[in-house]
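Structural overview
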Amino acid sequence: MFDPAFAQRLVLLNGLFPLALCGWDGFLGQLGANPLEFILRLTGGLALVFLTLTLTVTPLVAWFGPPWLIRLRRTLGLLAFFHASLHFTAYVWFDKMFDLAAVGVDVLRRPFILFGMLGFLVMIPLAATSTNRMIKRLGAARWKRLHRLTYVAAVAGVIHFYLFVKADTTMPLAFAAIVGLLLVYRWLRAQQLTTLGLDPKR
């Protein structure tokens, strides 16, 4: 019998593996001419990948199953937040040297920083309420409504990525298409459930 807990551990290990390679390359001095940009691109890209995968779980279960895939959603979401936190920390630490005034100026003057900050801030309450204890404390309905902010984070992340890329926008547009399809799926599902007299779920 397949063990869902094993799948969670496997996803976690694979989610952290790129950082391990990055650390090894950093130790060897092989992060390129601009290590900060490499780290920002890596952590930001991984955050968006895992955020998109988090949103993909529900339609995958609805269309194909098996139900145990739902248990991976929390792991994927926390991996997304972990990499987003590293992305934010690298920016604030290495680029701004913890100068919060400079960060504030960046947010006001550079739209891609604004959307990136919005996406990260939205993810904080999502990560903070990811435990079973918080689900019980908030109640399932309120928890589901709160975690719809995952879509806000994903849209903000896609816009952040698109505005950051100066030349080849292929990857940001690919993410935009995937997130857009997931939003359409959610809307259609909500319409279907409303028609049936049920409450739309996440």
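Above this note sits the structure.
Since this is a predicted model, take the numbers as computed values, not measurements. (Residues numbered from 1 in each chain as written. Predicted model: local features only at pLDDT ≥ 70, side-chain atom pairs only at ≥ 80, totals over all residues. Heavy atoms only, no water.)

Turning to its location among the elements, L79 is positioned in helix 3 (residues 70-95). The class for L79 is buried, based on a relative accessible area of 3%. In this structure the C-alpha to C-alpha distance between L79 and L16, which are 63 residues apart in sequence, comes to 8.1 Å. Apart from the residues lying within four places of it in its own chain, the contact partners of L79 are V11, L12, G15, L16 and F50. (Helix = DSSP H or I, 4+ residues; strand = E, 2+ residues; numbered from the N terminus. Buried < 20%, exposed > 50% of the residue type's maximum accessible area, 1.4 Å probe, protein only. Contact = heavy atoms within 4.5 Å.)

Glancing now at the nonpolar core. F50, L51 and M123 are the most contacted members of the largest nonpolar core, which has 29 residues in total. Of all the elements in the fold, those that place two or more residues in this core are helix 1 (4-27), helix 2 (35-63), helix 3, helix 5 (111-128), helix 8 (149-164) and helix 9 (170-195). Broken down by element, the residue count for this core peaks at eight residues, all from helix 2. Excluding residues within four positions of it along the chain, L51 makes contact with A80, M123, T150, A153 and A154. (Core = buried A, V, L, I, M, F, W, Y, C linked by side-chain atoms within 4.5 Å.)

All chains considered together, the criterion is met by nine aromatic pairs. Here W93 and F94 contribute two aromatic rings whose centre-to-centre distance is 4.7 Å and whose plane-to-plane angle is 10°, an arrangement assigned as stacked. Note on F94: relative accessible area 44%, which makes it partly exposed. Aromatic side chains F112 and F164 sit 5.6 Å apart centroid to centroid with 50° between the ring planes, which places their arrangement in the tilted category. (Phe/Tyr/Trp six-rings, centres within 6.5 Å; stacked < 30°, edge-to-face > 60°.)

For the rest of this paragraph, the subject is the side chain of K96. For K96, the location among the structural elements is in the loop between helix 3 and helix 4 (100-109). Those residues in contact with K96, other than ones at most four positions away along the chain, are Y91, A102, V103, D106 and R110.

Two elements in contact, helix 4 and helix 5, have axes separated by 5 Å at closest approach and are oriented at 110°. Looking at the two axes, helix 4 sits roughly perpendicular to helix 5. Across the interface between the two elements, V103, D106, V107 and R109 of helix 4 pack against P111, I113, L114 and M117 of helix 5. Of the residues in the contact of helix 4 with helix 5, the class split is six nonpolar, no polar and two charged. (Axes fitted to C-alpha atoms, helices over the stretch in contact; angles between N-to-C directions. Parallel < 35°, antiparallel > 145°, perpendicular 65-115°, else oblique. Nonpolar A, V, L, I, M, F, W, Y, C, P; charged D, E, K, R; others polar.)

This brings us to unusual backbone geometry. The residue M97 is not glycine, and still its phi comes out positive at about 50°. Along the chain, M97 turns up in the loop between helix 3 and helix 4. Exposure remark for M97: the relative accessible area of 60% places this residue in the exposed category. In this model, F98 sits at a positive phi of 60°, which is unusual for a non-glycine residue.

Taken together, L12, L16, F82 and L86 make up a surface patch of nonpolar side chains, about 290 Å² in accessible area. If you trace the backbone, L16 turns up in helix 1. Of the residues examined, L16 reaches a relative accessible area of 33% and is grouped as partly exposed. (Patch = residues over 30% accessible without salt bridge, like charges linked within 9 Å, V, L, I, M, F, W, Y side chains within 5 Å. Areas by Shrake-Rupley, 256 points an atom, 1.4 Å probe, with all protein chains shown as cover. Salt bridge = Lys/Arg side-chain N within 4 Å of Asp/Glu carboxyl O.)

This part takes up helix 3. Taking 1.5 Å of rise per residue, 26 residues should cover 38 Å, and helix 3 covers 37 Å from first to last C-alpha, within 8% of that figure. Residues L72, R73, T75, L76, L79, A80, H83, A84, S85, A90, Y91 and V92 constitute the buried set of helix 3. Where helix 3 is buried, its residues contact helix 1, helix 2, helix 4 and helix 5. Positioned one or two residues after helix 3, M97 has a phi angle of 50°, which is positive. (Expected span 1.5 Å × (residues − 1).)

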